[in-house]
Amino acid sequence: MKKINKILLFGSILLTLGSFQSCKTELEDRYTDPEQTTLPNIPAFFSQILNNSRLRSEYWHYRTFILMHQAKYTQTAYFANENTMYQQSDSYINDYWKDFYSPGIIGVYRSMERSYNNLSTEEKASRDLYMNTAKVILFDQASKLVDNFGDIPFSEAGSLPLTDVIKLGKFDDQKELYTLFINGLKEINTFLKTAKSTSEFNRADILNSGDLTKWRKYTNSLRLRLLMRISNVDENKAKTEIMDMLNNPTEYPLVDGDNNGDYSTGSQDILLQPLKTFNSSLLDALIELPSYYAPDYMLNTVLKTANDPRTAVLFDKFGETVNGKFVPNKEYQAMPITFTTAQADAQFRKYSVIDSATTWINNKLPGVLMTATETNLIKAEAQERWGTDAAAKTAYETAVKQSVGFYYYLNESSSNNAKAIKPSSEVINKFVTESNIAFSGDKNAKLKLIGTQKWLHFGWLQGEQAWSEYRRTGYPTLPAFPVSTLNGFQRPPVRLTYPSSEITNNSENYQAVRSKDTRDTKIFWDVN
């Protein structure tokens, strides 16, 4: 098995290097300004921000970050029961940190700001669209850093590309950063109301192809996400602003699939499609840890008991080879989370694995930035807490139907030939209204349903969002995590600690947050 994995890994490295060079060439061909040759230009910087690997469904992000951390802490992916299972990898955390800072998204954005600041007033007007849409990505990714770490350098970060002067950034207060993001997104929505796209912007925009309606919807749904995240610590602000958005859909259009359960996933969700030259997948990312076995609670308790139609595109039954012939298992079944590594190695063929076509071996798997399901589940929670039960029920049922469609879309559009057939609308409607996920019970029961469906929809594919929402809501009610015997790492953390490189290189500013830099210090919105 180890020899096979090494062969697969070597091949994967060659493919990755080739894919990186091809992607770089494709972007250069599309966005280099021949009049400026190698001089920096704002459209090229914009494309570079969108092409950040942390926005994509690529090997390194999942292998070294999501599957080793957030997916474990939420039980959205299988993980081996061993002493170091909850110990974060400092080198991999540093890689994630660098991909935001140096040069990373904020570094490139500071270069955009520098170029923008040197323009005339007339020239700035032609570049405002790039600056505003790039800021949406900046706020989205920065909010993830806050959700993972708490206070982060932001306002003073990226000084070198902006000013040619190295100034080590202070750690900005996490609550103040959320306020900055929420207010800033509202301003961007106002700008996008009257903005006009150009052919140049259409070419540079590898996310939404110049569709400003999609950019506006993404902006507002991101703001909705952040407002809901602070709703347990600042409920009045969250309630006022969220309900204002929901009651004014013309002013605040959302990524909600037009409230249609059978919506067009590929054209309405915010998905970063792979470049045409990309030919890799998450095969090695899931094999190497390993993380490709089905997680216990998700399959055995949530999906199977509801006869959930997503099961067929999330997992494969797997099986054993008997007398030279592969015999599939009779039913979907996940290994118990209590299994030791030895038990897993001895019995894994009896249990289900992640579906290969949908996510595992699919080189057309997009990066997922925002989906209609998430937006409608936020609507459902808001209506259940501050609106009407009828509106909450409608949003919840729409969201679940959309989630079914979302995963069948990933499966159907896969590069893998092992496709599943999407159930009829009658089957899906019956599942939503008559199974154990039907919207019923008291307020707490309904909020639990909403939280559980959001966790299921995010899964490991959107592991950072799954972990944030699990900490905020406490849903779903997961089985007890295996306890590690490694001192200080017996259980999952509630935040990631800063990488050692940041502690060393920014030591003076780090002193202000040193006392909070523990794995047990909660993020400000985590009051559950």
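The rules we used
Residues numbered from 1 in each chain as written. Predicted model: local features only at pLDDT ≥ 70, side-chain atom pairs only at ≥ 80, totals over all residues. Heavy atoms only, no water. Helix = DSSP H or I, 4+ residues; strand = E, 2+ residues; numbered from the N terminus. Rg over C-alpha atoms; globule rule 2.2 N^0.38 Å. Buried < 20%, exposed > 50% of the residue type's maximum accessible area, 1.4 Å probe, protein only. Areas by Shrake-Rupley, 256 points an atom, 1.4 Å probe, with all protein chains shown as cover. Lys, Arg positive; Asp, Glu negative; His and termini not counted. Charge placed at Lys NZ, Arg CZ, Asp CG, Glu CD. Salt bridge = Lys/Arg side-chain N within 4 Å of Asp/Glu carboxyl O. Polar contact = N/O pair within 3.5 Å; in protein donor to acceptor, adjacent residues only side chain to side chain. Contact = heavy atoms within 4.5 Å. Axes fitted to C-alpha atoms, helices over the stretch in contact; angles between N-to-C directions. Parallel < 35°, antiparallel > 145°, perpendicular 65-115°, else oblique. Left-handed = near helix turned anticlockwise from the far one by under 90°. Nonpolar A, V, L, I, M, F, W, Y, C, P; charged D, E, K, R; others polar. Patch = residues over 30% accessible without salt bridge, like charges linked within 9 Å, V, L, I, M, F, W, Y side chains within 5 Å. Core = buried A, V, L, I, M, F, W, Y, C linked by side-chain atoms within 4.5 Å. 1 Å grid on protein atoms, 1.4 Å probe; cavity = no way out; pocket = protein on both sides within 12 Å on 5 of 7 lines; lining within 4 Å. Points joined across faces, edges and corners; volume = space filled by probe spheres on them. pLDDT = per-residue confidence, 0-100. Phe/Tyr/Trp six-rings, centres within 6.5 Å; stacked < 30°, edge-to-face > 60°. Expected span 1.5 Å × (residues − 1).

### A few points about the overall build of the protein chain
(1) Moving on: When helices and strands are tallied, the protein chain shows 26 helices and 8 strands.
(2) Moving on: Computed over C-alpha atoms, the radius of gyration of the protein chain comes to 23 Å, within 12% of the 24 Å expected from 2.2 N^0.38 for 528 residues, which places it in the range of a compact globule.
(3) Moving on: By principal-axis analysis of the C-alpha atoms, the protein chain measures approximately 75 × 55 × 50 Å.
(4) Moving on: Residues classed as buried in the protein chain amount to 56% of the 528 residues present.
(5) Moving on: For the protein chain, the exposed area adds up to about 22,300 Å²; of that, 51% sits on carbon and sulfur atoms.
(6) Moving on: Side-chain charges of the protein chain comprise 59 positive and 60 negative groups, with the mean position of each set lying 4 Å from the other.

### A word on the pattern of salt bridges
(1) Moving on: One pass over the structure, following the stated rule, counts 27 salt bridges.
(2) Moving on: For glutamate 200, the salt bridge is made with arginine 127, and the minimal N-O distance between the two is 2.9 Å. Of this pair, glutamate 200 sits in helix α11 (residues 199–204) while arginine 127 sits in the loop between α7 (121–125) and α8 (128–149), and the two are 73 residues apart along the sequence.
(3) Moving on: The salt bridge partner of aspartate 147 is arginine 229, with a shortest N-O separation of 2.9 Å.

### Quick notes on the environment of serine 267
(1) Moving on: Counting through the fold element by element, serine 267 comes out in helix α14 (residues 265–268).
(2) Moving on: Side-chain polar atoms of serine 267 contact the side chain of serine 264, separated by 2.6 Å.

### Details of the side chain of asparagine 52
(1) Moving on: For asparagine 52, the position within the fold is in the loop between α2 (42–50) and α3 (59–66).
(2) Moving on: A polar side-chain atom of asparagine 52 sits 2.8 Å from the main-chain amide nitrogen of arginine 54.
(3) Moving on: Discounting residues that sit within four places of it in the chain, asparagine 52 has contacts with Asp99, Gly104 and Ile105.

### A look at unusual backbone geometry
Most peptide bonds are trans, and most residues other than glycine sit at a negative phi.
(1) Moving on: Residue proline 290 follows leucine 289 across a cis peptide bond; omega there is -10°.
(2) Moving on: You can see proline 290 is positioned in the loop between α15 (283–287) and α16 (296–303).
(3) Moving on: Across the junction of tyrosine 475 and proline 476, the peptide omega takes the value 0°, indicating a cis bond.
(4) Moving on: Within the element layout of this structure, proline 476 appears in the loop between α24 (463–473) and α25 (500–505).
(5) Moving on: Not every positive phi belongs to a glycine, and glutamine 75 is a case in point at roughly 55°.
(6) Moving on: On the basis of relative accessibility, which here comes to 2%, the residue glutamine 75 falls in the buried class.
(7) Moving on: One non-glycine residue, serine 209, lies in positive phi territory at about 55°.
(8) Moving on: Looking at where serine 209 falls in the secondary structure, it is placed in the loop between α11 and α12 (212–229).
(9) Moving on: Residue serine 209 is classed as exposed on the basis of its relative accessible area of 55%.

### So, the packing of α2 against α8
(1) Moving on: Look at α2 against α8: their axes get within 10 Å of each other, and the N-to-C directions meet at 15°. The angle between α2 and α8 falls in the class roughly parallel. In this structure, α2 meets α8 at a crossing whose hand is left-handed. Together, Ile42, Pro43, Phe46, Ile49 and Leu50 of α2 and Tyr130, Met131, Thr133, Ala134 and Ile137 of α8 make up the contact between the two elements.
(2) Moving on: Taken together, the residues of the contact of α2 with α8 sort by class into 9 nonpolar, 1 polar and no charged.

### Quick notes on a nonpolar patch on the surface
(1) Moving on: There is a patch of nonpolar side chains on the surface, built from Leu160, Ile166 and Leu168 and spanning about 310 Å² of accessible area.
(2) Moving on: Relative to the assigned elements, leucine 168 resides in the loop between α9 (159–163) and β2 (171–172).
(3) Moving on: We classify leucine 168 as partly exposed; its relative accessible area is 47%.

### Details of the nonpolar core
(1) Moving on: Judged by nonpolar contacts, the single largest core of 149 residues is most densely connected at Met112, Ile137, Trp215, Ile242 and Trp460.
(2) Moving on: Ranked by the residues each element gives to this core, the list is headed by α8, at 12 residues.

### Remarks on the layout of surface pockets
(1) Moving on: Roughly 500 Å³ of volume is contained in the second largest pocket.
(2) Moving on: Lining the second largest pocket we find 23 residues, and of these Tyr101, Ser102, Gly158, Leu168 and Glu502 sit closest to its centre.
(3) Moving on: No other element matches the 4 residues that helix α5 (residues 90–101) contributes to the lining of the second largest pocket.
(4) Moving on: For the lining of the second largest pocket, the residue count by class is 10 nonpolar, 9 polar and 4 charged.

### Some words on empty space enclosed by the protein
(1) Moving on: Counted under the stated rule, the structure contains 6 cavities of 30 Å³ or more.
(2) Moving on: As a volume, the largest cavity reaches approximately 180 Å³.
(3) Moving on: In this structure, the largest cavity is lined by 18 residues; those nearest its centre are Tyr62, Lys144, Val368, Leu461 and Gln462.
(4) Moving on: Residues of the lining of the largest cavity, tallied by class, amount to 6 nonpolar, 6 polar and 6 charged.

### Examining the packing of helix α20 (residues 372–386) against helix α21 (residues 389–412)
(1) Moving on: Orientation of α20 relative to α21, taken along the N-to-C sense of each, is 160°, at an axis distance of 8 Å. Relative to α21, the element α20 lies roughly antiparallel. Remark: the crossing between α20 and α21 carries left-handed chirality. Contacts from Ala372, Thr373, Asn376, Leu377, Lys379, Ala380, Gln383 and Glu384 in α20 reach Asp389, Ala391, Ala392, Ala395, Tyr396, Thr398, Ala399, Gln402 and Ser403 in α21.

### Digging into the confidence of the model for the protein chain
(1) Moving on: Summing up the model confidence of the protein chain, the mean pLDDT is 92 and the portion of residues at 70 or higher is 92%.
(2) Moving on: Contacts from residues 1–39, a stretch scored under 50 in pLDDT, to residues over four places away or in other chains number 36 contacts.

### Looking at the packing of aromatic side chains
(1) Moving on: One pass over the structure, following the stated rule, counts 33 aromatic pairs.
(2) Moving on: Centroid distance tryptophan 97 to tyrosine 101: 4.9 Å. Interplanar angle 40°. Geometry classified as tilted. Taken together, the residues tryptophan 97 and tyrosine 101, both in helix α5 and 4 residues apart, mark about one turn of the helix. Exposure class is identical for tryptophan 97 and tyrosine 101. Each is buried.

### Notes on helix α13 (residues 235–246)
(1) Moving on: Across its 12 residues, α13 extends 16 Å between first and last C-alpha, which sits within 8% of the 16 Å expected from 1.5 Å per residue.
(2) Moving on: Buried within α13 we find Ala238, Glu241, Ile242, Met243, Met245 and Leu246.

### Quick notes on the environment of leucine 50
(1) Moving on: Assignment of secondary structure puts leucine 50 in helix α2.
(2) Moving on: Remark: the alpha-carbon pair of leucine 50 and leucine 138, spanning 88 residues in sequence, is separated by 9.9 Å.
(3) Moving on: In contact with leucine 50, not counting residues within four places along its chain, are Leu55, Ile137, Ala204, Asp205, Ile206, Leu207, Trp215 and Leu272.

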